[in-house]
Amino acid sequence: MSLTLYQASTPVFIRMLGNLSNILNKAVAHAEATQIDQAILINARLAADMYPLSRQVQIAADIVKSCAARLSGIDVPSYEDNESTFTELQARIAKTVVFLQSISEEQINGSEEREITLKIRGNEMVFLGQSYLFNFVIPNFYFHITATYAILRHNGVELGKMDYLGEPQTLDIKIL
């Protein structure tokens, strides 16, 4: 059985963005229960030289919308990076999911050899579509979701591994 680029990307991205959304909901509940200003969590970092939680969420959304657009050969939509509340971050996630759902399997499949050129910190990086997805996008996507999870855990939000992985029914597994 072969795996298509679409199967390896869009459904995975949508599921993990849903998990990220649920993690943010737990952060809101934690802030309300402990009477912490939500801005403290949104601006929290693990280290001084790391991005705050808000930027982690923005990048997670950006990396997958950019991937879907580049693999399908369409323009990457631009989002302002001005979210400063959990409500705004949730809206960004939702907007990203809607965009991902707007791209068909046919638009992404067959882009394994499409040349993808990125400019990162003044350097040009050239990938082929499959390498771009598996060696650049997926690791970056999971990194920023993990950083968001870790920031919230570090700040007392009660999260567990299943919050990160998602509910068993979304994992296509049976619990015996």
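A brief look at the structure comes next. All figures in this text were calculated on a predicted structure; none of them were measured in a lab.

1. Some thoughts on helix H4 (residues 86–101)
Alright, step 1. In a regular helix each residue adds 1.5 Å, so 16 residues correspond to 22 Å; H4 covers 22 Å between its end C-alpha atoms and thus fits that length.
Alright, step 2. Residues of H4 that are buried include every one of Phe86, Leu89, Gln90, Arg92, Ile93, Thr96, Val97, Phe99 and Leu100, and no others.
Alright, step 3. In this fold, the buried residues of H4 make contact with helix H1 (5–34), helix H2 (38–42) and helix H3 (53–72).

2. With respect to the pattern of salt bridges
Alright, step 1. On inspection of all chains with the given rule, the structure shows seven salt bridges.
Alright, step 2. With a closest N to O distance of 2.8 Å, Arg92 and Asp81 form a salt bridge. Here Asp81 lies in the loop between H3 and H4 and Arg92 lies in helix H4, a separation of eleven residues in the sequence.
Alright, step 3. Residue classification places Arg92 among the buried positions, given a relative accessible area of 1%.
Alright, step 4. Exposure remark for Asp81: the relative accessible area of 42% places this residue in the partly exposed category.
Alright, step 5. With a shortest N-O distance of 2.9 Å, Arg92 and Glu83 are connected by a salt bridge. Of the two residues, Arg92 and Glu83, both sit in the buried class.

3. Concerning the side chain of His30
Alright, step 1. Structurally, the position occupied by His30 is in helix H1.
Alright, step 2. Apart from the residues lying within four places of it in its own chain, the contact partners of His30 are Ile36, Leu41, Asn155, Gly156 and Val157.

4. Considerations on the environment of Ala60
Alright, step 1. Mapped onto the fold, Ala60 is located in helix H3.
Alright, step 2. Ala60 sits 40 residues away from Leu20 along the chain, and the two C-alpha atoms are 9.3 Å apart.

5. Looking at the pairing of strand E1 (residues 115–120)
Alright, step 1. Sheet topology places E1 next to strand E2 (residues 123–128); six bridges connect them, and they run antiparallel. Opposite Ile120, over in E2, you have Asn123 as the bridge partner.
Alright, step 2. Taken together, E1 and the strand that follows it, E2, pair antiparallel across an intervening segment of two residues, in which Arg121 is found at a positive phi of about 50°.

6. Notes on the nonpolar core
Alright, step 1. Ranked by size, the top nonpolar core spans 48 residues in total, and within it Phe13, Tyr132, Phe141 and Leu152 carry the most contacts.
Alright, step 2. Taken together, the elements giving at least two residues each to this core come down to H1, H2, H3, H4, E1 and helix H6 (129–154).

7. Some words on the packing of H3 against H4
Alright, step 1. With their axes 10 Å apart at the nearest point, H3 and H4 run at an angle of 10° to one another. Comparing their axes, H4 and H3 come out roughly parallel. Seen from H3, the contacting residues are Leu53, Ser54, Val57, Gln58, Ala61, Asp62, Val64, Lys65, Ala68 and Ala69; seen from H4, they are Phe86, Leu89, Arg92, Ile93, Thr96, Phe99 and Leu100.
Alright, step 2. Looking at the contact of H3 with H4 residue by residue, the class counts come to eleven nonpolar, three polar and three charged.

8. Let's talk about the packing of aromatic side chains
Alright, step 1. Enumeration over the complete set of coordinates arrives at six aromatic pairs.
Alright, step 2. Ring plane angle 70° and centroid distance 5.3 Å describe the contact between Phe13 and Phe141, whose orientation is recorded as edge-to-face. Residue Phe13 is found in helix H1, and its partner Phe141 is found in helix H6; the two are separated by 128 residues along the sequence. Side by side, Phe13 and Phe141 carry an identical accessibility label, which is buried.
Alright, step 3. With 5.3 Å between their ring centres and 45° between their planes, Phe127 and Phe136 make a pair best called tilted.

Calculation criteria
- Residues numbered from 1 in each chain as written.
- Predicted model: local features only at pLDDT ≥ 70, side-chain atom pairs only at ≥ 80, totals over all residues.
- Heavy atoms only, no water.
- Helix = DSSP H or I, 4+ residues; strand = E, 2+ residues; numbered from the N terminus.
- Expected span 1.5 Å × (residues − 1).
- Buried < 20%, exposed > 50% of the residue type's maximum accessible area, 1.4 Å probe, protein only.
- Contact = heavy atoms within 4.5 Å.
- Salt bridge = Lys/Arg side-chain N within 4 Å of Asp/Glu carboxyl O.
- Pairing = 2+ DSSP bridges.
- Core = buried A, V, L, I, M, F, W, Y, C linked by side-chain atoms within 4.5 Å.
- Axes fitted to C-alpha atoms, helices over the stretch in contact; angles between N-to-C directions.
- Parallel < 35°, antiparallel > 145°, perpendicular 65-115°, else oblique.
- Nonpolar A, V, L, I, M, F, W, Y, C, P; charged D, E, K, R; others polar.
- Phe/Tyr/Trp six-rings, centres within 6.5 Å; stacked < 30°, edge-to-face > 60°.

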